[in-house]
Each structure stands twice: as C-alpha cells, then as structure tokens.
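Residue-level structure breakdown
Listed below, chain by chain, are the residues.
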Amino acid sequence: LLVSISCGSSLVAQEEYNLSRFGSETGAFFTQPLHWEETDWLKFGLIGAGTFLAMQADQPIRTEVLKDRSYYHSVPIVAGRVWGELYTPVALFTLFGAHSLITGNTDTRKIAYEIGQASLYAGAITILLKGAIGRARPYTGEGRASYHPFTFLNDGYHSLPGGHATIGFALSTVLSRNVHSGFLKGLAYVPALLTVVSRVYQDQHWFSDCLLGATIGYVAGSWVVDRHEQGDSRVQIPSLYPLTVRVTLN
C-alpha cells in the first residue's frame, strides 16, 4: 500500500496539513450533528437499529465461536488484534510522515494527517460511548444485556463500542480511499475484518460491539478523506458499504 500510494497516487495535496487546519476541522467534525439533514438522521437511526438487531445474535455467535479455542494465538487472530491497537495508528502516522519529510511527497503527508485525524476522532467518540454505556464484556459472564452506565474506570464494562474495531476500520478506510486499485482497496480492509474476528474470538467483545465500532471508524475515516478531496464542510454519514463509496476529485 505504501509503495502504491507513494509511487502511483494522483491525489496531490493542494493545501497545508498543519495544526491550525486540524483545530478548525476538529471543531467542524464534532459540531456537524447540529447541521445534519433528514437523510443524515435517518442513517444515524439505521446504525442504531442495526446495532440493536445485531445484539440479538450476540450470545449465539459467542457460543459458536467459543467451541474451538485452538486458534487463540494464531497469526490471523493476533494480527487482527494488533491492527486495532492504539500503537498501530501511531506507527503508521510516523511511517507516512517520515516518508513525506524525507521525500517531500505530499500524498503521504496527506495520508499521515488523515490517519491521525480519523484515529483521534473515532477514538474519542468510542471512549466516551464506552464509559457512558457501560456494557459488560462477554468474559465477565454477566450476559449480553448487562449495563453499568457511566463506568469510566472499569475496563470490564467498556464493551460497546469495540475500540479495536473502531481503530482498525478508521485506518483501513483511510488507506483504502487513498489507492486507486480495486484490489488494494479491498486488501486494505482485510486487517480490519481480522480485527473484528479477533476481538470476538478472544472473547473481548460481543459481535454488535465490533459492528458499531467498525461503523464509527469507517464514518470518521470517510469524513476526513471527503473533507480533503471534495472540500465538503458538512458531515454526511456515508454508505455502510466501504467499497461502494464514490470519490469525486476536484
């Protein structure tokens, strides 16, 4: 992905990516629900309804997944977990940022900036929701319907949304949107999908937790890329199908 982006991308950055711009865009991101239209609220409602419906399948999915624990430390499961760890966006931000500083490539500077933005925005939303909702993680044994609202210090009640899935899909969305090859666009989402599988398989999250986290990551990642490529100042919740998003370049 790095080679493809740095050598073949035509998404040339036209503007400065700096702290001043980050500040203004951060304010715009978190205040946009005040300006949503009916279609945006409809999509928001569909996300909530989809999460609720997924919750009905949480226990059957967990029961089926826990039947075989022999792959707990396998490469795909561990790789999925690592892709959603907090240090992964830091590493990628550093990698793309260093490439930009060394080569003067504006495309990789844009990507580093977008990785930082998407991860911070999506992560902030997820952390606040985790503490406010207080859903018990599956390994606690309290069941899928156990909630302890406003529990901010006990990680056992930080199940919803899934933080690893949030970060994983934020990263994959930014990378996918910055390549042209259909194959690479799909490839970028493989580690994020492994993250979802990993978190459910390792009994850290219910499936619905990961579904909501993935949606938050995807929406945040799509927003920052749209903002820079289309100059759209208003957030629109995108389609929930990552590979069908259409990009209009100026």
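Preceding this section is the structure that the text describes.
All values reported here derive from a predicted model rather than from experimental measurement.

One number sums up the size of the largest pocket: a volume of about 840 Å³. Put simply, the parts of the chain that give the lining of the largest pocket at least two residues each are α2 (19–31), α6 (87–103), α7 (106–133) and α8 (163–177). Broken down by element, the residue count for the lining of the largest pocket peaks at 13 residues, all from α7. In terms of lining residues, the second largest pocket is bounded by 21 residues, among which Trp36, Phe44, Ile125, Leu129 and Ile216 are the most central. Looking at which element gives the most residues to the lining of the second largest pocket, the answer is helix α3 (residues 38–55), with six residues. Classifying every residue of the lining of the second largest pocket by side-chain character gives 18 nonpolar, three polar and no charged.

Omega for the peptide link from Leu160 to Pro161 comes to -5°, which places this bond in the cis form. Relative to the helices and strands, Pro161 resides in the loop between α7 and α8. Even without being a glycine, Phe150 presents a positive backbone phi close to 60°. Among the secondary structure elements, Phe150 is positioned in the loop between α7 and α8. Notably, Asp203 is not glycine yet its phi reads approximately 65°, a positive angle.

Inspection of every chain in the model, using the stated rule, returns eleven aromatic pairs. Residues Phe22 and Tyr121 carry aromatic rings whose centres are separated by 6.1 Å and whose planes lie at 20° to one another, so their mutual orientation is stacked. Linking Phe22 in helix α2 with Tyr121 in helix α7, this pair joins segments that are 99 residues apart in sequence. Phe22 sits in the partly exposed class, given a relative accessible area of 25%. Owing to a relative accessible area of 1%, Tyr121 belongs among the buried residues under this scheme. Through a chain of ring-to-ring contacts, three or more aromatic side chains come together here, namely Phe22, Phe29, Phe30, Tyr121 and Trp223. Stacked on the ring of Tyr201, the Lys or Arg Arg69 has its end atom at 4.8 Å from the ring centre.

The rules behind these values
Residues numbered from 1 in each chain as written. Predicted model: local features only at pLDDT ≥ 70, side-chain atom pairs only at ≥ 80, totals over all residues. Heavy atoms only, no water. 1 Å grid on protein atoms, 1.4 Å probe; cavity = no way out; pocket = protein on both sides within 12 Å on 5 of 7 lines; lining within 4 Å. Points joined across faces, edges and corners; volume = space filled by probe spheres on them. Helix = DSSP H or I, 4+ residues; strand = E, 2+ residues; numbered from the N terminus. Nonpolar A, V, L, I, M, F, W, Y, C, P; charged D, E, K, R; others polar. Phe/Tyr/Trp six-rings, centres within 6.5 Å; stacked < 30°, edge-to-face > 60°. Buried < 20%, exposed > 50% of the residue type's maximum accessible area, 1.4 Å probe, protein only. Lys NZ or Arg CZ within 6 Å of the ring centre and 35° of its normal.

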